[in-house]
Structures are given as C-alpha cells and as structure tokens.
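Close look at the chain arrangement
Each chain, written out:
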Amino acid sequence: MTESLITAILIFTLASFTGFEIINKIPPTLHTPLMSGSNAISGICVIGAVLVAGGETGTTLSTVLGVVAIACAMVNVVGGFLVTDRMLQMFKKKES
Amino acid sequence: MTQLTETLTVWAPSGIQIAYLVAAACFIIGLKKMGSPVTARQGNVIGAIGMLLAVLATLIDRHILSYSMIGVGLVIGSVVGVWIAKAVAMTDMPQMVGLLNGLGGLASTLVASGEYWHTVSHGLPLSTTAVISIAASILVGNITFTGSMVAFAKLQGIMSGAPIRFALQQQLNIVLLVVWAIGSILVVINPADLAGFAGINVISLLLGVLFVIPIGGGDMPVVISLLNSLSGIAAGATGFVVMNNVLIISGALVGASGLILTQIMCKAMNRTLPSVLFSGFGTDGGAGTEAGSGTLNKTVRQIDPEECAMMLGYARSVVIVPGYGMAVAQAQHVVRELADTLERKGVEVRYAIHPVAGRMPGHMNVLLAEANVPYTQLCDMDDINPQFENTDVALVIGANDVVNPAARHDRQSPIYGMPILEVDRAKHTVVIKRGMSAGFSGVENELFYKEKTMMLFGSAKDAINRLVNEVKQL
C-alpha cells in the first residue's frame with residue numbers, strides 16, 4: 001500500500017509539473033476555452049464512477065452514488081468538450 | 001471459448017493500463033495544443049478522443065458486472081451535456097463554466113463516498129491512506145461543488161453578486177476546518193464511524209458556500225479559475241481513492257492549468273490570492289468616501305452621439321475597450337457593427353482587452369468572437385498600452401476600474417498598482433456608461449473628469465446603435 005501510495009504521489013507531482021510547463025504562456029484569447037476544455041478533462045472521474053457503480057461488491061447505495069456520479073461527470077465531459085468546440089469554431093483569424 | 005476468456009483475463013488489465021497511458025498522453029497533447037488559437041480546436045478533439053478511449057477501456061474491466069446501470073448514467077449525462085452545450089448563450093458562458101466545475105466536484109465526491117460506502121458495508125478494512133484520500137477528496141470535491149453553485153447563482157442573478165460578509169467570518173471558516181480535521185481523524189481511527197463521515201461531508205459542503213459568498217462580481221474571474229483548478233484537484237484526489245493513474249494525471253494537469261489562470265488573474269489585479277479570497281474591495285468605506293468628497297469641484301464633459309460619431313468617423317485610429325457593461329447590455333454585435341462601419345470609412349479599429357475584464361478569464365474574447373470579430377484584432381494589455389499615444393480615440397464601453405489612471409499614481413487608492421489599459425494617453429477618450437457610479441472596487445474613476453475625456457451616457461447597446469446610425473450618415 002505504501003509503495004503504491006508513493007508511486008501515486010510521484011505521478012501526481014510529475015503530472016503537475018507537466019501541466020505547469022505545457023499551459024504556461026497561454027494567450028488571453030484562449031483563457032475561457034482552456035477552462036472549459038480542461039474542465040471536461042477533469043470529468044475523467046467518470047472512470048472512478050464506472051468502477052464504483054458496476055463493481056462486483058457493490059451495494060444498492062454505492063451503485064446509486066456511482067450512477068449519479070457517472071451522470072454528473074458525463075455532463076461535464078460531453079458538455080465541456082462540445083461547448084469548447086462551439087467556442088473555438090468562432091475564433092477566426094480573418095473574416096471569410 | 002475458455003481459452004479466449006483466459007487470454008482476456010490475462011491481457012485485459014495490461015490493455016486497460018496501456019489505454020489509460022494513451023489517454024493521458026492525449027490529454028497532455030490536447031492541452032498543449034490549446035495554447036494556440038490555430039491548433040486549439042484540434043487539441044480539444046484530441047482530448048475528447050483520449051476521454052473516449054479511457055471510458056471504453058474502463059468498461060472492459062472484469063470487475064464490472066452490471067452494465068445496465070452504468071448505461072443509464074452514461075446516457076443521461078451525455079444527453080444533458082449535449083443539450084446544455086447547444087442551448088447555452090455565449091453571454092451565459094461564465095455561469096456555464098461555473099456549473100460544469102461544480103458537477104466535476106460533485107462527481108468526485110460521490111465516487112469517494114461510493115467507494116467508502118461499499119467498503120464499509122462489506123466490513124472490509126480501509127487503510128489509513130485510503131481514508132485520508134477519501135476525506136481529502138470529499139473536502140475538495142464538496143467545496144468545489146457548493147462553491148461553484150454559489151458562483152453560478154451569483155452570475156445567473158439568482159442571488160445578489162454583492163459580497164456577503166459578517167463578523168468573525170474567517171474565524172468561523174478556521175473553526176470549521178479544524179472540526180473537519182477532527183472528524184477525519186475519527187474516521188481514520190474507526191472507518192465505520194458513519195456519523196463522522198456524514199459530519200465531514202456536511203462541513204465541507206458548508207465551507208464551499210462560505211468560501212464564495214464573500215466574493216463580489218468583479219473578483220469572479222479569480223474564483224472561477226480557482227474553482228476550475230479545484231475541480232481538477234478533486235478528480236486527482238479521487239484517483240488516490242480508487243488508485244487509478246489516469247485520474248491522478250488528469251486531475252494534476254487540470255489543477256495546474258487552473259492555478260496558472262488564477263495566478264494570471266491575480267497578477268492582472270495586482271492582488272494576492274488571499275486578499276481576493278478574504279478581503280474584498282469596497283468593504284472599508286474609507287477610500288470611497290475620500291474620493292467622493294474630492295469630486296465636488298470637478299466637471300464632466302458630456303458628448304452627444306452625433307458629435308462622438310464625427311470624432312470617430314474622422315479619426316485615423318480607434319481602440320475599443322470593452323468591459324463588463326458590454327456583456328450586460330449584450331452589445332458585442334452592435335460594437336462589431338460600429339467597428340465595421342468605421343473600417344469602411346478607413347478608420348483603423350482595434351480592441352484592447354484587459355485580462356480581468358468581465359466575469360471570467362477571457363470573457364470579452366469569447367463575446368467578441370461570437371460577434372465575428374477576428375481574434376487578430378484583439379490586443380492584449382501589454383501590446384496595446386504603448387500604442388495609445390498614437391490613438392485618436394479610445395472608446396471605453398462599460399469598463400471602469402481597468403481604465404482608472406489612479407491605479408498608476410494614487411497610493412491611497414485600493415486599486416493602486418493594478419495594471420490598467422492606459423486610455424487616458426490617447427488623444428481623446430470617450431466613455432460610454434450608464435451613469436457616474438463607481439466601478440466594482442468602489443473607487444471613483446478620475447478618468448471621467450480628465451480634460452480629454454468625454455462621457456456618452458446611456459446603455460451600451462442603445463448608445464452604440466445611435467453611434468452606428470450617425471457614423472453611417474457622415
């Protein structure tokens with residue numbers, strides 16, 4: 001357990017540094033799409049929700065919690081990616 | 001057949017992990033591509049592909065037995081997601097982002113609670129680290145959830161955007177945090193302590209509300225980006241609960257990107273994050289009244305639309321400075337019409353965007369993009385400021401604090417040191433505004449009393465409509 005915890009902390013730390021590096025110097029024009037797009041990515045907890053909802057040892061309550069979590073996370077994922085795309089397609093360089 | 005099942009049992013777990021790795025790579029590449037307007041759309045699609053891959057890979061996990069309930073959740077969430085993404089108006093984007101942040105937080109906290117419940121109800125042991133992860137996930141997830149809901153309510157106008165403050169607010173927050181920590185320790189000692197578990201849930205929900213209610217409208221860009229970061233951290237904490245690497249990686253990425261935005265917003269207001277969160281503007285009446293008494297002998301020059309149209313029509317260069325007033329009046333389309341009309345007359349038109357104009361990072365950019373303004377015409381603060389000296393007319397539309405010259409020289413002013421758009425350096429400045437009220441900071445704007453400044457009173461939409469008509473007649 002301790003070993004996997006340390007690995008998890010390691011991964012978290014390295015991913016944070018990666019995040020800081022790749023998102024640095026984002027132009028202000030893209031601030032809103034970056035927020036809604038990254039928010040869609042945080043909907044990744046849908047995976048945890050699927051594991052909780054469909055788990056073999058699930059109880060009624062944990063299944064219900066899992067299903068509600070799936071629904072919330074999916075609104076986040078689908079709504080987030082779609083609305084980001086909707087915004088980004090408005091960002092034009094020059095008028096056609 | 002049995003052989004096939006066996007092969008699957010052996011290889012599926014590795015396959016899932018590899019799919020997760022690819023998904024994480026997609027998120028990193030996608031976010032990287034979000035850094036440039038040219039590749040951003042592609043980046044978003046790559047992120048979505050990564051997400052699809054991760055979800056599909058999870059569905060073949062052999063621990064999953066019942067698919068019907070999962071299907072119900074996936075379908076409901078997707079339908080609602082598609083609907084709100086299509087239905088939301090661009091002017092409502094700050095609320096939308098707030099709402100999505102909140103749902104992300106809620107999902108994280110529900111996963112942690114579900115995991116806790118099914119372990120405890122089966123009498124299975126919960127390790128100390130697992131309980132700590134669950135408690136952390138619930139704290140961050142619940143704060144993100146209720147905090148975002150309050151932000152949503154404020155932005156949607158369901159509740160007043162004014163800061164709500166009361167005595168001993170900070171002390172109450174600290175007490176609640178301490179109680180949360182004690183509750184968490186109780187659950188660590190005895191994981192089956194349901195009362196303690198319920199307690200840390202309630203307290204963290206309450207903390208979310210208390211965290212956002214004292215923050216006013218103009219500070220919303222900071223709050224929205226901070227909640228964005230928290231929604232990522234909540235997902236990462238949930239990753240520790242279910243020990244899933246792709247959750248941890250994605251959570252950390254989103255947490256980092258939100259923090260960067262928060263930092264940019266704070267810098268654009270020359271304030272620290274604690275000062276935004278814990279000591280809002282306009283609470284100490286001192287600065288406001290002081291400025292108020294000094295205005296008695298100042299005069300304001302008014303201009304009518306006809307005169308203003310002439311000024312604009314015969315200018316060589318015009319810089320438009322939009323603010324929250326433009327968003328409220330939904331004037332972005334008429335603003336673009338005015339710019340088009342001026343350009344046809346040979347006037348060079350650009351837009352100067354302050355990073356914290358509006359209610360979320362990039363608010364003005366999204367609105368102007370909706371009105372078909374090419375993003376190449378939108379200038380950042382640092383690029384446009386040196387050019388105001390060669391600008392004939394700076395047209396301020398519903399912006400206030402971000403153009404207040406007091407930020408440059410008045411050490412007494414609460415906004416001293418905040419980087420501003422230096423519209424007062426233009427040859428003429430026209431301010432379109434409904435009245436003489438102070439900006440969000442509660443400070444009066446000395447720009448309005450300057451010799452080169454002219455005020456055009458009225459709602460942004462009406463005033464600009466009239467300007468368009470007048471310019472057309474020139």
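Computed from a predicted model, the values in this text were never measured in an experiment.

So, the overall build of chain A
- Across its full length, chain A holds 4 helices and 0 strands.
- Along chain A, helices and strands appear, N-terminal first, in the series α-α-α-α.
- Radius of gyration (C-alpha) of chain A: 18 Å, far over the 12 Å computed for a compact globule of 96 residues.
- Here the C-alpha coordinates of chain A stretch approximately 55 × 30 × 15 Å along the principal axes.
- The proportion of buried residues among the 96 residues of chain A is 64%.
- Within chain A, residue pairs in contact and separated by at least 24 positions form 69% of the contacts whose partners lie at least 6 positions apart.
- By element, 66% of the accessible surface of chain A is carried by carbon and sulfur atoms, the whole surface being about 3,700 Å².

Things to note about the side chain of B:S137
All names here are of chain B.
- Tracing the chain through its elements places S137 in helix α5 (residues 128-156).
- Residue class for S137 comes out buried when judged on its relative accessible area of 0%.
- Separated by 3.0 Å, the side chains of S137 and T238 make a polar contact.
- Not counting the four nearest positions on each side in its chain, S137 is found in contact with S108, T109, A112, N142, A234, A237, T238 and V241.

Some remarks on the packing of helix α8 (residues 220-242) of chain B against helix α9 (residues 245-268) of chain B
Residues and elements named next belong to chain B.
- The interhelical angle for the contact between α8 and α9, taken along N-to-C directions, is 160 degrees, at an axis separation of 7 Å. Comparing their axes, α9 and α8 come out roughly antiparallel. The chirality of how α8 crosses α9 is left-handed.
- Split into classes, the residues belonging to the contact of α8 with α9 amount to 14 nonpolar, 13 polar and no charged.

Let's talk about the nonpolar core
- A:I44, A:V46, A:I70 and B:V246 are the most contacted members of the largest nonpolar core, which has 119 residues in total.
- A per-element tally of this core places helix α4 (residues 60-88) of chain A first, with 14 residues.
- Not counting the four nearest positions on each side in its chain, A:I44 is found in contact with B:F27, B:M51, B:A54, B:A235, B:V246, B:L247 and B:S250.
- Core analysis: the next-biggest nonpolar cluster, separate from the first, contains 39 residues, B:V318, B:A331, B:V334 and B:L467 among them.

Thoughts on the interface of chain B and chain A
- Facing 102 residues of chain B, the contacting portion of chain A comprises 82 residues.
- Between chain B and chain A the total buried area reaches about 8,200 Å² when both faces are included, carbon and sulfur atoms providing 77% of it.
- The tally of links between chain B and chain A comes to 1 salt bridge.
- B:R41 is the salt-bridge partner of A:D85, the closest N and O atoms lying 2.9 Å from each other.
- At the boundary of chain B with chain A, the tally comes to 16 residue pairs in polar contact (both at pLDDT 80 or more).
- For the side of chain B that touches chain A, the secondary structure elements donating two or more residues are α1 (2-33), α2 (40-59), α3 (67-87), α4 (93-121), α8, α9 and α15 (363-370) of chain B.
- The element contributing the most residues to the side of chain B that touches chain A is α4(B), with 18 residues.

Re the packing of aromatic side chains
- Here the structure, examined in full by the defined rule, presents 2 aromatic pairs over all chains.
- Where A:F12 meets B:F240, the ring centres are 6.0 Å apart and the plane angle is 65 degrees; that geometry is what we call edge-to-face. Placement of the pair is A:F12 in helix α1 (residues 2-23) and B:F240 in helix α8, with the two residues belonging to separate chains.
- Residues B:Y116 and B:F197 carry aromatic rings whose centres are separated by 3.8 Å and whose planes lie at 10 degrees to one another, so their mutual orientation is stacked. Pair noted here: B:Y116 is in helix α4 and B:F197 is in helix α7 (residues 194-212), with a separation of 81 residues, a long-range link. With respect to class, B:Y116 is no different from B:F197; both count as buried.
- We note B:R359 situated over the ring of B:Y324; from NZ or CZ to the ring centre the distance is 3.6 Å.

Here we look at the sheet that holds strand β5 (residues 428-433) of chain B
All names here are of chain B.
- The parallel open sheet is built from 6 strands, whose spatial order is β3-β2-β1-β4-β5-β6. Only two strands of the sheet have a single neighbouring strand rather than two, namely β3 (378-380) and β6 (453-457). When the angles between neighbouring strand axes are averaged without regard to direction, this sheet yields 25 degrees.
- Pairing geometry for β5 and β6, over 5 bridges, is parallel.

Let's talk about the domain arrangement of chain B
All names here are of chain B.
- As far as domains go, chain B holds domain 1 (12-87), domain 2 (94-280) and domain 3 (295-473).
- Of note, the centres of domain 2 and domain 3, computed from C-alpha atoms alone, are 37 Å apart.
- The junction of domain 2 with domain 3 conceals about 1,200 Å² of combined surface from both sides, 76% of it contributed by carbon and sulfur atoms.
- Considering only the surface of domain 2 that becomes buried against domain 3, P94, P221 and A268 emerge as the three largest contributors, covering 36% of it.
- Linking domain 2 with domain 3 are 0 salt bridges.
- Listed by contribution, the elements that provide at least two residues to the side of domain 2 that touches domain 3 are α4, α8 and α9.
- Looking at the side of domain 2 that touches domain 3, its residues break down into 10 nonpolar, 5 polar and 2 charged.

Looking at the confidence of the model for chain A
- When the pLDDT values of chain A are averaged, the result is 90; 94% of them are 70 or greater.
- Predicted confidence in chain A is weakest over helix α3 (residues 46-54) of chain A, with a mean pLDDT of 91, and strongest over helix α2 (residues 31-42) of chain A, with 95.

Rules used throughout
- Residues numbered from 1 in each chain as written.
- Chains lettered and ligands numbered in written order.
- Predicted model: local features only at pLDDT ≥ 70, side-chain atom pairs only at ≥ 80, totals over all residues.
- Heavy atoms only, no water.
- Helix = DSSP H or I, 4+ residues; strand = E, 2+ residues; numbered from the N terminus.
- Rg over C-alpha atoms; globule rule 2.2 N^0.38 Å.
- Buried < 20%, exposed > 50% of the residue type's maximum accessible area, 1.4 Å probe, protein only.
- Contact = heavy atoms within 4.5 Å.
- Areas by Shrake-Rupley, 256 points an atom, 1.4 Å probe, with all protein chains shown as cover.
- Polar contact = N/O pair within 3.5 Å; in protein donor to acceptor, adjacent residues only side chain to side chain.
- Axes fitted to C-alpha atoms, helices over the stretch in contact; angles between N-to-C directions.
- Parallel < 35°, antiparallel > 145°, perpendicular 65-115°, else oblique.
- Left-handed = near helix turned anticlockwise from the far one by under 90°.
- Nonpolar A, V, L, I, M, F, W, Y, C, P; charged D, E, K, R; others polar.
- Core = buried A, V, L, I, M, F, W, Y, C linked by side-chain atoms within 4.5 Å.
- Buried area = accessible area lost by both parts, 1.4 Å probe.
- Salt bridge = Lys/Arg side-chain N within 4 Å of Asp/Glu carboxyl O.
- Phe/Tyr/Trp six-rings, centres within 6.5 Å; stacked < 30°, edge-to-face > 60°.
- Lys NZ or Arg CZ within 6 Å of the ring centre and 35° of its normal.
- Pairing = 2+ DSSP bridges.
- Domains from an automatic or database assignment.
- pLDDT = per-residue confidence, 0-100.

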